[in-house]
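As a plain string of letters, each chain reads:
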Amino acid sequence: MEKPLRIGVLAVQGNFREHAAVLRRLGAEPVEVRLPEQLEGLDGLILPGGESTAITRLMRLYGLDEALRRFPAPVFGTCAGMIILDRDHLGLADVAVERNAFGRQVRSFEADLDVGMGEPVRAVFIRAPWIEDAGPDVEILAEVDGHPVLARQGRVLVAAFHPELTDDTRIHELFLNQVREAMSVRA
Ligand code: GLN
């Protein structure tokens, strides 16, 4: 049997437990990350949704921001996690992200996304951002009303919604496939 993938989940604030549960369901081993040394040896990392201002502040406090910039394996940011990966924050994804883009008030909705995986993916948006601008290496994988909400740039995957809040595990599987690809390139 193949060794389980060890996937870190940034666990300073937000939906890290839900992501860990999905990873476990898919046979991966989730590792809660609060300190820079916990990033060592991970096969991939998820930055969960939550409150990007709080997560940014806590990351700085724990010295995680510098360590994350140097993290070499695939990274998946959802919602606030997507904001944290953008040009204005960690700069791991060449995107400009608009916070709370779907409305200024608390605005939540669900939408069926065509991700090119057969059946559409039901996506939960909670005060979600969208991608306002993307560099040439960014591949847009899904949009809502013409606004990109799922994108990939090399080893970095970003989603404006919350794939950890539905029973559909296909977006996490997409990320785990990215992780396996990166491992076979390094091997
Ligand atoms: N609105 C939040 C922010 O700007 C993100 C919302 C979420 O992660 N669900 O950080």
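Residues numbered from 1 in each chain as written. Predicted model: local features only at pLDDT ≥ 70, side-chain atom pairs only at ≥ 80, totals over all residues. Heavy atoms only, no water.

Peer 1: What is the right way to read the sheet that holds strand S9 (residues 139-144) from this model?
Peer 2: Hydrogen bonds along the backbone pair up the strands of a sheet, which may run parallel or antiparallel. Judged by pairing direction, the sheet is mixed, and its seven strands sit side by side in the order S2-S1-S3-S4-S11-S10-S9 without closing on themselves. The open sheet terminates on both sides in strands that have one partner only, identified here as strand S2 (29-33) and S9. For this sheet the average axis-to-axis angle between neighbouring strands, irrespective of direction, equals 20 degrees. Bridge count between S9 and strand S10 (residues 147-153): five bridges; the pairing is antiparallel. Across the sheet, the residue bridging to Glu139 is Arg152, located in S10. (Pairing = 2+ DSSP bridges. Helix = DSSP H or I, 4+ residues; strand = E, 2+ residues; numbered from the N terminus. Axes fitted to C-alpha atoms, helices over the stretch in contact; angles between N-to-C directions.)

Peer 1: Is there a simple way to explain the site of the ligand in this structure?
Peer 2: As a matter of local geometry, the ligand sits amid Gly49, Gly50, Glu51, Ser52, Cys79, Ala80, Ile83, Arg99, Asn100, Ile126, Arg127 and His162. A distance of 3.1 Å separates a nitrogen atom of the ligand from a polar backbone atom of Ile126. Measuring from a nitrogen atom of the ligand, one finds a side-chain N or O atom of His162 at 2.8 Å. Starting from 300 Å² of accessible surface for the ligand in isolation, the protein chains cover 95%. Across the shell around the ligand, the residue classes tally to four nonpolar, five polar and three charged. (Near = heavy atom within 4 Å. Polar contact = N/O pair within 3.5 Å; in protein donor to acceptor, adjacent residues only side chain to side chain. Areas by Shrake-Rupley, 256 points an atom, 1.4 Å probe, with all protein chains shown as cover. Nonpolar A, V, L, I, M, F, W, Y, C, P; charged D, E, K, R; others polar.)

Peer 1: What should I look at first to understand unusual backbone geometry in this one?
Peer 2: Negative phi characterises most residues that are not glycine, and trans characterises most peptide bonds. Phi angles above zero are rare outside glycine, and Asn100 is one such case at about 45 degrees. Take Asn100: it is sitting in the loop between strand S5 (95-98) and strand S6 (108-113). By relative accessible area, Asn100 is classed as partly exposed at 25%. Even without a glycine there, the phi angle at Arg127 is positive, about 40 degrees. (Buried < 20%, exposed > 50% of the residue type's maximum accessible area, 1.4 Å probe, protein only.)

Peer 1: How do you make sense of the environment of Val33 when you look at a structure like this?
Peer 2: Looking at the element boundaries, Val33 is found in strand S2. For the pair Val33 and Ile7, spaced 26 residues apart in sequence, the C-alpha separation works out to 9.7 Å. In this structure, Val33 is in contact with Gly8, Val9, Leu10, Ala11, Val12, Gln38, Leu39, Leu42, Leu45 and Leu64, ignoring residues within four places of it in sequence. (Contact = heavy atoms within 4.5 Å.)

Peer 1: Which parts of the structure should I look at to understand helix H2 (residues 52-61)?
Peer 2: Think of an α-helix as turning once every 3.6 residues; residues three or four places apart then point the same way. Every buried residue belonging to H2 is among Ser52, Ile55, Thr56 and Met59, and all of these are buried. Across the axial projection of H2, the buried residues extend over an arc of 100 degrees, all falling on one side. Turned more than 90 degrees away from the buried face of H2, the exposed residues are Arg57 and Leu61. The elements touched by buried residues of H2 are strand S1 (6-10), helix H3 (64-69) and helix H4 (80-85). (Arc of directions from axis to C-beta.)

Peer 1: How should the side chain of Thr78 be read in this particular structure?
Peer 2: In this fold, Thr78 is placed in strand S4 (residues 75-78). On the basis of relative accessible area, Thr78 is assigned to the buried category, the value being 0%. Setting aside residues no more than four positions away along its own chain, Thr78 makes contact with His19, Leu47, Pro48, Gly49, Ala159, Phe161, Pro163 and Glu164.

Peer 1: Teacher, can you tell me more about a nonpolar patch on the surface here?
Peer 2: Side chains of Leu35, Leu61 and Tyr62 sit close together on the surface and give an oily, nonpolar patch of about 300 Å² of accessible area. Residue placement: Tyr62 occurs in the loop between H2 and H3. (Patch = residues over 30% accessible without salt bridge, like charges linked within 9 Å, V, L, I, M, F, W, Y side chains within 5 Å. Salt bridge = Lys/Arg side-chain N within 4 Å of Asp/Glu carboxyl O.)

Peer 1: How do you make sense of helix H1 (residues 16-25) when you look at a structure like this?
Peer 2: Those residues of H1 that fall on the buried side of the exposure criterion are Phe16, His19, Ala20, Val22 and Leu23. Buried residues of H1, viewed axially, fall in a sector of 160 degrees; they line one side. Of the residues in H1, the exposed ones pointing more than 90 degrees away from the buried face are Arg17, Arg24 and Arg25. Positive backbone phi, at 85 degrees, marks Gly27, one or two positions downstream of H1.

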